[in-house]
Amino acid sequence: MDPELNEIGRQQAVVVACRLSKETKPAAIYSSDLKRASETAGIIAKVCDVSNLVLDEALRERHMGYLQGLKWDDAVNKNPDVFRGFDIFKVTEGSDPDSRNQEIPGGGESLNQLNERCVSYLNKIAQEHIGERVVVVSHGAAILELCRHTDPPNSSIRRNIPNTSLNVFRVSGVTGRWILDRFGDVGHLDGNGFLENSFGGDGASA
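Residues numbered from 1 in each chain as written. Predicted model: local features only at pLDDT ≥ 70, side-chain atom pairs only at ≥ 80, totals over all residues. Heavy atoms only, no water.

Under an unreviewed UniProt entry, the name given to the chain is Phosphoglycerate mutase, and the organism recorded is Digitaria exilis. Per UniProt, the comment on the chain under Sequence similarities (unreviewed entry) is "Belongs to the phosphoglycerate mutase family." (UniProt positions renumbered as here; feature names shortened; annotations may be inferred.)

Participant: Can you help me understand the UniProt feature "binding site: substrate" (unreviewed entry) in the chain in this one?
Facilitator: Feature annotation in UniProt places "binding site: substrate" (unreviewed entry) on Arg36, given in this structure's numbering. Structurally, the position occupied by arginine 36 is in helix H2 (residues 35-48). (Helix = DSSP H or I, 4+ residues; strand = E, 2+ residues; numbered from the N terminus.)

Participant: Would you mind going over the packing of helix H1 (residues 7-21) against H2 with me for this structure?
Facilitator: Axis angle and axis distance: for two packed helices, these are the angle between their axes and the distance between the axes, and together they describe the pair. Contact geometry for H1 and H2: axes closest at 8 Å, N-to-C directions at 40 degrees. When the axes of H1 and H2 are compared, the pair comes out oblique. Every pair of crossing elements has a handedness; the one defined by H1 and H2 is right-handed. Here Arg10, Ala13, Val14, Val16, Ala17, Cys18, Leu20 and Ser21 of H1 lie close against H2, whose contacting residues are Glu39, Thr40, Ile43, Ile44, Val47 and Cys48. Grouping the amino acids of the contact of H1 with H2 by side-chain chemistry returns 10 nonpolar, two polar and two charged. (Axes fitted to C-alpha atoms, helices over the stretch in contact; angles between N-to-C directions. Parallel < 35°, antiparallel > 145°, perpendicular 65-115°, else oblique. Left-handed = near helix turned anticlockwise from the far one by under 90°. Contact = heavy atoms within 4.5 Å. Nonpolar A, V, L, I, M, F, W, Y, C, P; charged D, E, K, R; others polar.)

Participant: Just to check I follow, could you spell out the packing of helix H5 (residues 111-128) against helix H6 (residues 140-148) for this structure?
Facilitator: Contact pair H5 / H6: the axes reach a minimum separation of 9 Å and the direction vectors enclose 75 degrees. Taken together, the axes of H5 and H6 lie roughly perpendicular to each other. Packed against H5, whose contacting residues are Leu111, Leu114, Asn115, Cys118, Val119 and Leu122, the element H6 presents Ala141, Ala142, Glu145 and Leu146 at the interface. When grouped by side-chain class, the residues that make up the contact of H5 with H6 number eight nonpolar, one polar and one charged.

Participant: Help me understand the pattern of salt bridges, please; the structure alone is not making it clear to me.
Facilitator: Opposite charge on two side chains permits them to pair, given that their charged atoms come into close proximity. Summed over all chains, the structure comprises 13 salt bridges. Here aspartate 49 makes a salt bridge to lysine 25, at a shortest N to O gap of 3.8 Å. Highlighted residues: aspartate 49 in the loop between H2 and strand S2 (53-56) and lysine 25 in the loop between H1 and strand S1 (28-32), separated in sequence by 24 residues. With a relative accessible area of 57%, aspartate 49 lands in the exposed category. Its salt-bridge partner being arginine 117, residue glutamate 109 comes within 2.7 Å of it at the nearest N-O pair. Each member of the pair, glutamate 109 as well as arginine 117, is classed as buried. Within this structure, Arg19, Glu23, Arg133, Arg182 and Asp185 form a network of salt bridges that share partners. (Salt bridge = Lys/Arg side-chain N within 4 Å of Asp/Glu carboxyl O. Buried < 20%, exposed > 50% of the residue type's maximum accessible area, 1.4 Å probe, protein only.)

Participant: Whenever I open this one, the UniProt feature "site: Transition state stabilizer" (unreviewed entry) in the chain confuses me. Can you help?
Facilitator: In the numbering used here, UniProt assigns the "site: Transition state stabilizer" (unreviewed entry) feature to His139. Position of histidine 139 among the secondary structure elements: in the loop between strand S3 (134-137) and H6. Setting aside residues up to four positions removed in sequence, histidine 139 forms contacts with Ser32, Leu34, Arg36, Ala37, Leu59, Arg60 and Glu61. Polar side-chain contacts of histidine 139 include one of 2.8 Å to the side chain of serine 32. (Polar contact = N/O pair within 3.5 Å; in protein donor to acceptor, adjacent residues only side chain to side chain.)

Participant: Help me understand the sheet that holds S1, please; the structure alone is not making it clear to me.
Facilitator: Strand pairs in the sheet, formed through backbone hydrogen bonds, run parallel or antiparallel to each other. Reading across the sheet, the three strands line up as S2-S1-S3 and stay open at both edges, with parallel pairing between neighbours. Unpaired on one side and paired on the other, S2 and S3 mark the two borders of the sheet. Strand-to-strand twist of the sheet, defined as the mean angle between neighbouring strand axes without regard to direction, takes the value 15 degrees. As paired elements, S1 and S2 share four bridges and run parallel to each other. Its bridge partner lying in S2, isoleucine 29 is registered against leucine 53. Lying on the sheet, H2 is in contact with S1, S2 and S3; it crosses S1 at an angle near 165 degrees. (Pairing = 2+ DSSP bridges.)

As structure tokens, this is what we get:
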């Protein structure tokens, strides 16, 4: 439900923190309050010497309802009908736009609900830090929705979000327009399998 980083995850957090420390010092660091994100944010804050660290539920991963806390295979086996009824992570060309409004049973979020939550919070951060640089630490599905906000309407750009990848957004303080400057940047990692199994196990829950 709320796993901690394992040792590889902590090493990755230190590596990305060291990279960020060589860039302009952020005015603040915002993070999901879930352990794997908040621990990463704490490491970044320490290495970058940033005291303004804010943890908020608005940056959490998508709530999966009855599937929450299950590994992928377990979710399929336990709830095959529920699982098949939702295109949980992917938006494909020609898919029904209404499927983005489909909530996952058991209190889970629709993709549009996730998008609204994350985009609204990032807009709030942008308004509070006009002309400043901040670091935001979140999770895969949430980051995908933030990236999707920069896409042309009704597009279906497919993306992968590696662990500790950097995704750089510029948000206009005047127009509110978002620009995705950089996506999936893992130049700080060694490329030798260091991205795999960051949260332990076989990676199915990562």
